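Structural overview for review
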Amino acid sequence: MNNSNYLTAYVNHFVETVKQSGVKDVVICPGSRSTPLAYGFAKSEGFEFYRQIDERSAAFFALGIAKAKKSPVVLLCTSGTAAANFFPAIVEAYYARIPLLVITADRPHELREVGAPQAIDQIHLFGKHVKWTVDFPIPEADEESLPFIERHIQRAITTSKAFPMGPVHINVPFREPLLINMEQQQPLTQISQSEVGQLVPSQQFISWYKEQLQKEDKGLFIVGDSLPTTEGFWEFARTVQWPVLADPLSNLRSSVPEDCLHLCIDQYDALLKDNSFKKYAAPNIVIRFGAQPVSKPLTQFLKACKPNVFIAVDESSVFRDSLHIVTQHVQVGAATLWNPIEEKQASTYLKDWSKANDIATKHVQAYLETEEDEGALAATLFEVLSDGDFLFASSSMPIRDVDTFYNKTTKDIQIYANRGTNGIDGVVSTALGVYAATKRPGYLLIGDLAFLHDVNGLIVSRFQKTDLTVVVMNNDGGGIFSYLPQSTETNYFEHLFGTPTGLKFSHIAAMYDAQYDAVHTKEDFHKVLSEQKRKDIRIIEVFTNRQVNTETHRKLWTAISKELDSVWN
């Protein structure tokens, strides 16, 4: 065999192992050193193949696919700073527990640390932000090479899927020439298989757990992001009859059965801003499934009341307990604890939570009828979402407006956000990745600064079909900071935190041949949303005022608290 044959056999075996390990999606960035693998994946049938020329955006695009599918996605690039541009999305994937198979092509060992072009130190490039990393051997005439890469690819993929799921890194050096034989096929040998098992609770714990559910009325279920499934939860909650504080990213505010609507508390963020209700609502027991929810008032409430029993159910042994109040960390699959008990009657505690939720909902509805701020505009978007749509929310104000104004519904609407590290980078690309995975019509709610961070993400729409409506809330700066203490320093606030740019996005829409509308009123926004979408990408730029947003939000919270005080003070 000559060098071309060694390289081709190596690449074909690499790609075939990835395929037989069950990975279906491949995101590739163009570059010279990754040529062998790019061609290897491209000529192999059975993959969903995506291109993106910006590595930073490509990594977030892959993140979106993996987030929606809960399955590893290949992310491939050339050597040098191309690999470094993957880093922000890899950090997000690590903390959000999203499986990625990150493959970086590299210079051969003799070209490392000798001043060769496009060569950086890629060994352990991503540090502790990947679950595992390996530097592969050079393709050569060594009979141990192919078994080595097969076993290590399997290990990488299994590691990415094992709880907590996350990114893994394979670094692959290639010598020139880089062309493989496109006609040479890899014999379809059956590789050994690796399975990730399911964690289940002990019978002793189940007995104690069911006893707590049966005897305790002042209990709360809190459900956050990153659950592998929610199937079966409402059947379980119906028997226990505890209030369910459902973070919007739990996707339990959608597809709520009619007979469970009273259990779903969707206004807890507003309710827990009120001191009178907080004193009454303190639970004896809390069971949390998934990550800690977005809501800061909920976090402060839990830290203050410190329930006697706080069970955190997590597939990982990594403690997610930033408040230091968890009394039992249970490392099992969440669904293994959705065991229906003998059905209980609704308690006074549940009825009062539900009553308070109705009070807050009433004020929110009145607010939406009279106000024109970002919250009211966001709610206008939520009202037009249909069965089968998805909503992606940026960090900062968008996800908080989702928490406040996205009400429980029987409609099937999936909600996503990047909350591993709560960043505003890569949001456009992640939303486009979610569409690629789900093929659901998508809506992205994003601020002007976050949109500017990832305008490059729209490039992917030039290479593959998409369906995304981007709603840009343009308040000319960082709206979230207006709610924080630094906003009181008027001399420097705008310069350091408000950061107004004065930019508008009509020219961005024209560059990407996107449908575009500029909106200044709630009435016009509703009208635009009701119009037919004519292009793959639609950008609706909604102009708002940061100061007005802050004032109206606080006005709403004050009105809710005033009525809650009259009932529970």
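Comments concerning the packing of aromatic side chains
- Counted under the stated rule, the structure contains 28 aromatic pairs.
- Centre to centre, the rings of Tyr50 and Phe61 are 5.4 Å apart; their planes meet at 70°, and the pair counts as edge-to-face. Of this pair, Tyr50 sits in strand β2 (residues 48-51) while Phe61 sits in helix α3 (residues 55-69), and the two are 11 residues apart along the sequence. Across this residue pair, the class does not change: Tyr50 and Phe61 are buried.
- Taking the centre distance of 5.8 Å and the plane angle of 75° together, the rings of Phe382 and Tyr406 count as edge-to-face. Taken together, the residues span a long stretch of sequence, with Phe382 in helix α13 (residues 374-384) and Tyr406 in the loop between α14 (397-405) and β14 (414-416) at a distance of 24 residues. Neither residue differs from the other here; Phe382 and Tyr406 are each classed as buried.

Observations regarding the state of the cysteines
- By the definition in use, this model includes 0 disulfides.
- Its sulfur unpaired, Cys305 is 20 Å from the next cysteine sulfur, which belongs to Cys264.

Let's talk about the sheet that holds strand β11 (residues 309-314)
- Strand order in this open sheet of 6 strands is β9-β8-β7-β10-β11-β12, and the pairing throughout is parallel. Of all strands in the sheet, those with a lone pairing partner are β9 (264-265) and β12 (328-331), marking the two edges.
- Alignment of strand β7 (residues 219-223) against strand β10 (residues 285-289), held across 5 bridges, turns out to be parallel. Within β10, the position partnered with Val223 by the bridge is Phe289.
- Sitting on the sheet, helix α8 (residues 233-240) touches β7, β8 (244-246), β9 and β10, and the angle it makes with β7 is about 165°.

Cut-offs applied
Residues numbered from 1 in each chain as written. Predicted model: local features only at pLDDT ≥ 70, side-chain atom pairs only at ≥ 80, totals over all residues. Heavy atoms only, no water. Phe/Tyr/Trp six-rings, centres within 6.5 Å; stacked < 30°, edge-to-face > 60°. Helix = DSSP H or I, 4+ residues; strand = E, 2+ residues; numbered from the N terminus. Buried < 20%, exposed > 50% of the residue type's maximum accessible area, 1.4 Å probe, protein only. Disulfide = S-S within 2.5 Å. Pairing = 2+ DSSP bridges. Contact = heavy atoms within 4.5 Å. Axes fitted to C-alpha atoms, helices over the stretch in contact; angles between N-to-C directions.

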